[in-house]
Amino acid sequence: MIPSDLQCPMLLLACLFAVLQLSMLTAQSPNELSARLLDSLLQDYAFRAFFRPRTGVSYDGIVPSNLTGIRISAMRLRSGSLRKRGTGSYKEFQIPAGMVEQPYVNRLVLVYHNLGNWSSLYYPLPGYVSLAPVLGLLAYDASNLSATDLPELNLRATESPILVKFPNVELAAGSGPSPKCVYFGLQGSVEFDNVVDGSACSTVRQGHFSIVVEGIAPSPAPDGESGGGAAGGGGVWKREVWIVVGSVVGGLVLVAVLVVMVVWVKKCRGRKKIGRMEEVAGGGVPLATVIIASGKLPVAMGTRTRPVLESEYLP
Ligand SMILES: *[C@@H]1O[C@H](CO)[C@@H](O)[C@H](O)[C@H]1NC(C)=O
Ligand SMILES: *[C@@H]1O[C@H](CO)[C@@H](O)[C@H](O)[C@H]1NC(C)=O
Ligand SMILES: *[C@@H]1O[C@H](CO)[C@@H](O)[C@H](O)[C@H]1NC(C)=O
């Protein structure tokens, strides 16, 4: 048996622990996934697509099954020819002449990502609706094609910008907020820019790109063929809605637990006070208690010496 004056503090501790666990659960929502870890993993899997690769030819990679829906590709290039001629079009990217990497390497690999239905999990953007999947372009040293955990080279366009041409983006014309290009830097920065040429974004740096529009996601459309499609937004934003709903419910539960705790603490204090009152009252003779409304109050049960009428002594 736990001594009764320890019971309240211990229960309090248990309550606090429960609240802590709950908040930790809320914090572990999927958008905690690290985009940098994904970059590293995709570098590894993209490089595996190379088997005696030819220079300037793009090879599509196969992602692990836990990332189905993401598409990757890799292309090995001579640094000199990238600088002189660019690549022309590589997937959705138009890479011009004048590309310079730092540090300088002889050959480099351009790794392409299309995050498809995983876009908003790795690159969440609250307050915006996605109109296109997140596309990535990252440069690595090609000197060891079985290397993992490679750092990116710093790739820059020095003559004209790289263009990212998003196909099948439905840009609502007319009123309402206009779509924006969004750029996610490797160090976690987020920048917005205007859409060019109808549905393209321009950049002088490597990183991840998408097109978004300000607003709340519309009520989720039936989850169609969002997997491979370029504009596979439906399923992604449905998940966002669920994250929001989950957070709200989690918050409510937290508040409820807190309220219960406060009530509990008050009760604990009250009970201790009553205990003391009981001890003090009548020098050790405990008084009975009654429960009135929600509190316990000590009461004296009648009088101890019954009054006797004098007439009763009469014979
Ligand atoms: C997916 O699986 C790969 C290989 O099995 C593993 O290395 C990686 O951590 C997993 N990634 C995620 C996001 O679960
Ligand atoms: C290439 O990288 C792999 C994996 O990190 C390593 O085991 C191997 O020794 C490297 N090869 C060369 C030639 O550096
Ligand atoms: C994306 O779609 C694939 C099927 O095309 C599915 O296996 C995968 O779980 C989906 N990813 C997410 C984050 O919903």
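The shown structure was predicted, so the numbers you read here are calculated from the model rather than taken from an experiment.

Asker: Can you help me understand the overall build of the protein chain in this one?
Answerer: When you go through the protein chain residue by residue, the secondary structure sums to 5 helices and 16 strands. Counting across all 315 residues of the protein chain, residues that qualify as buried make up 36%. Within the protein chain, counting contacts between residues at least 6 apart in sequence, those at least 24 apart form 67% of the total. Just so you have it, the protein chain exposes about 18900 Å², and 60% of that area is on carbon and sulfur atoms.

Asker: What am I meant to see in the site of ligand 1 here?
Answerer: Around ligand 1, the surrounding shell consists of L41, Y45, N66 and Y122. Surface burial for ligand 1 is 44%, taken as the share of its 360 Å² of free accessible area covered by protein chains. For the shell around ligand 1, the per-class residue count stands at 3 nonpolar, 1 polar and no charged.

Asker: How should I be thinking about unusual backbone geometry in this particular structure?
Answerer: Note: most residues except glycine have negative phi, and most peptide bonds are trans. Going from Q102 to P103, the amide bond is cis rather than trans, its omega being -5°. The backbone of K91 shows a phi angle near 55°, a positive value even though the residue is not glycine. Take K91: it is sitting in the loop between β3 (88-90) and β4 (93-95). With a phi angle near 55°, D149 is a residue other than glycine that sits in the positive phi range. Residue placement: D149 occurs in the loop between β8 (135-141) and β9 (154-157). Take D149: its relative accessible area is 61%, and that puts it in the exposed class.

Asker: Help me understand the packing of aromatic side chains, please; the structure alone is not making it clear to me.
Answerer: Here a ring pair, both rings aromatic, is described through the centre-centre distance and the interplanar angle of the planes. Under the criterion given, the structure shown has 10 aromatic pairs. Taking 6.1 Å as the distance between ring centres and 85° as the angle between the ring planes, the aromatic pair formed by F93 and Y112 counts as edge-to-face. Placement of F93 in strand β4 and of Y112 in strand β6 (residues 107-114) is noted, with a sequence separation of 19 residues between them. Like Y112, F93 is buried. Here the aromatic rings of Y123 and F184 are separated by 4.7 Å at their centres, their planes lie at 45°, and the arrangement is tilted. With Y123 in the loop between α4 (119-122) and β7 (128-130) and F184 in strand β11 (residues 180-184), this residue pair connects regions lying 61 residues apart in the sequence. In this structure an aromatic cluster arises from ring pairing among Y90, F93, Y112, Y183 and F209. One cation-aromatic arrangement involves R48 over Y45; the distance from NZ or CZ to the ring centre is 4.1 Å.

Asker: Can you help me understand the sheet that holds strand β13 (residues 200-203) in this one?
Answerer: One key point about sheets: their strands pair by backbone hydrogen bonds, in either a parallel or an antiparallel sense. Read across the sheet, 4 strands follow the order β3-β4-β10-β13 without closing on themselves; strand pairing throughout is antiparallel. Each having just a single partner strand, β3 and β13 make up the two edges of the open sheet. For this sheet, the mean inter-axis angle between neighbouring strands, taken without regard to orientation, is 25°. Looking at chain direction, strand β10 (residues 162-165) and β13 are connected through 4 bridges and run antiparallel. Looking at β13, one finds that I162 is bridged to T203.

Asker: Can you walk me through the site of ligand 2 in this structure?
Answerer: Contacts to ligand 2 come from N144, S146 and A147. In this structure, an oxygen atom belonging to ligand 2 sits 2.3 Å away from a side-chain N or O atom of N144. Here ligand 2, which alone exposes 360 Å², has 28% of that area covered by the protein.

Asker: How should I be thinking about the confidence of the model for the protein chain in this particular structure?
Answerer: The predicted model of the protein chain has a mean per-residue pLDDT of 78, with 63% of residues at 70 or higher. At the low end of the mean pLDDT range in the protein chain sits helix α1 (residues 4-27), at 53; at the high end sits β8, at 98. Counting interchain partners and residues more than four positions distant, the pLDDT-below-50 stretch residues 26-32 has 5 contacts. Low pLDDT, under 50, characterises residues 221-238; the predicted model gives this stretch 22 contacts beyond four residues in sequence or across chains.

Asker: What is the right way to look at the pattern of salt bridges in this model?
Answerer: When the charged atoms of two side chains lie near each other, side chains of opposite charge can form a pair. Enumeration over the complete set of coordinates arrives at 5 salt bridges. Taking the shortest distance from any N to any O, the salt bridge between R36 and D39 comes out at 2.8 Å. You can see R36 and its partner D39 sitting in helix α2 (residues 35-47), 3 residues apart, about one turn around the helix. Taking relative accessible area as the criterion, R36 reaches 35% and is therefore assigned partly exposed. We note a salt bridge from D44 to R48, for which the minimum N-O separation is 2.9 Å. For R48, a relative accessible area of 54% translates into the label exposed.

The rules behind these values
- Residues numbered from 1 in each chain as written.
- Chains lettered and ligands numbered in written order.
- Predicted model: local features only at pLDDT ≥ 70, side-chain atom pairs only at ≥ 80, totals over all residues.
- Heavy atoms only, no water.
- Helix = DSSP H or I, 4+ residues; strand = E, 2+ residues; numbered from the N terminus.
- Buried < 20%, exposed > 50% of the residue type's maximum accessible area, 1.4 Å probe, protein only.
- Contact = heavy atoms within 4.5 Å.
- Areas by Shrake-Rupley, 256 points an atom, 1.4 Å probe, with all protein chains shown as cover.
- Near = heavy atom within 4 Å.
- Nonpolar A, V, L, I, M, F, W, Y, C, P; charged D, E, K, R; others polar.
- Phe/Tyr/Trp six-rings, centres within 6.5 Å; stacked < 30°, edge-to-face > 60°.
- Lys NZ or Arg CZ within 6 Å of the ring centre and 35° of its normal.
- Pairing = 2+ DSSP bridges.
- Axes fitted to C-alpha atoms, helices over the stretch in contact; angles between N-to-C directions.
- Polar contact = N/O pair within 3.5 Å; in protein donor to acceptor, adjacent residues only side chain to side chain.
- pLDDT = per-residue confidence, 0-100.
- Salt bridge = Lys/Arg side-chain N within 4 Å of Asp/Glu carboxyl O.

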